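The lines below spell out each chain.
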Amino acid sequence: MNDAQAEEIREHAGTLREKLIAVRRAIHERPELGLHTPETQQRIVTALERSGIGSIRLGERCSSVIVDIEGEGPGPSGRCIALRADMEDRKSIRLNSSH
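Thresholds, definitions, all that
- Here the residue numbers are simple positions, counted from 1 along each chain's written sequence.
- At least 70 in pLDDT is required for a residue's local features to be given in this predicted model, at least 80 for side-chain atom pairs to be given and counted, and no such filter applies to totals for whole chains, interfaces and linings, which use all residues.
- Excluding hydrogens and water, the side-chain figures rest on all heavy atoms present in the structure.
- Secondary structure elements are taken from DSSP: a helix is a run of H or I of four residues or more, a strand is a run of E of two residues or more, and numbering for both begins at the N terminus.
- Helices are assigned an expected span. That span is 1.5 Å times one less than the residue count.
- Each residue gets one of three labels from its accessible area relative to the maximum for its type: buried under 20%, exposed over 50%, partly exposed in between, using a 1.4 Å probe on protein chains only.
- Taking the helix axis as origin, the arc is that swept by the directions to the C-beta atoms.
- Whether two residues touch is decided by their heavy atoms; if any such pair falls within 4.5 Å, the residues are in contact.
- A 3.5 Å cut-off defines polar contacts: any pair of N or O atoms within that distance qualifies, except that in protein one atom must be a possible hydrogen donor and the other a possible acceptor, and neighbouring residues in sequence count only when both atoms are side-chain atoms.
- In this description, strands pair whenever DSSP reports at least two bridges between them.
- One side-chain nitrogen of Lys or Arg within 4 Å of one carboxyl oxygen of Asp or Glu is enough to make a salt bridge.

### Things to note about helix α2 (residues 38-51)
For α2, spanning 14 residues, the distance from its first C-alpha to its last is 20 Å, which sits close to the expected 20 Å at 1.5 Å a residue. For α2, the complete set of buried residues consists of Thr40, Gln41, Val45 and Leu48. What you see down the axis of α2 is that its buried residues fit within an arc of 130 degrees, all on one side. Looking at the buried positions of α2, the neighbouring elements they touch are α1 (3-29), β1 (55-58) and β2 (65-68). Once α2 ends, the next one or two residues include Gly52, with phi positive near 70 degrees.

Here you go:
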């Protein structure tokens, strides 16, 4: 990677950062408890669709979101990155816990 490519990545990351912060704040405005989080799911799907980042699927048993992201390089790269994030309002669960 050359300096110009690295700078382009930094600039793009800065733009993404602001968008991600806005999505996070919107989600935190209306917290949802448990595994049924349809509003949170829809906000995430909308943000992903706007970004054009991969193929989006919805979970079958809960409000999960699954995204398949394909690389742009030639041939199969054999590389895989898995990310996992919880969507429920963990803070409210702790505050409302009887333990």
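Now that the structure is up, let's keep going.
### So, α1
For α1, which comprises 27 residues, the first-to-last C-alpha distance of 39 Å matches the rise-based estimate of 39 Å (1.5 Å per residue) to within 8%. Those residues of α1 that are buried are in contact with α2. Between the side-chain oxygen of the N-cap and the backbone nitrogen of Ala4 there are 3.0 Å, and the N-cap of α1 in question is Asn2.

### Some thoughts on the environment of Gln41
For Gln41, the position within the fold is in helix α2. A polar atom in the side chain of Gln41 sits 2.9 Å from the backbone oxygen of Ser64.

### Comments concerning the environment of Ile56
Mapped onto the fold, Ile56 is located in strand β1. Judged by relative accessible area, which is 27%, Ile56 ranks as partly exposed. Separated by 12 residues in sequence, Ile56 and Asp68 place their C-alpha atoms 6.6 Å apart. Setting aside its immediate chain neighbours within four residues, Ile56 contacts Val45, Leu48, Glu49, Val65, Ile66 and Val67.

### Let's talk about the pairing of β2
Regular strands place their side chains on alternate faces of the sheet. Two strands pair when backbone bridges link them, and β1 and β2 are joined in this way by 4 bridges, in the antiparallel orientation. Bridge pairing in β2 places Leu58 opposite Val65. Connecting β1 to the antiparallel partner β2 that follows it, the hairpin turn spans 6 residues.

### Examining the pattern of salt bridges
Under the defined criterion, the tally for this structure stands at 4 salt bridges. Across the pair Arg17 and Glu18 runs a salt bridge, and its minimum N-O distance is 3.3 Å. Put simply, Asp68 and Arg57 hold a salt bridge, and the shortest N to O gap is 3.3 Å. With Asp68 in strand β2 and Arg57 in strand β1, the pair connects residues that are 11 residues apart, well separated along the chain. Its relative accessible area of 33% is what places Asp68 among the partly exposed residues. Classification of Arg57 by relative accessible area gives partly exposed; the value is 41%.

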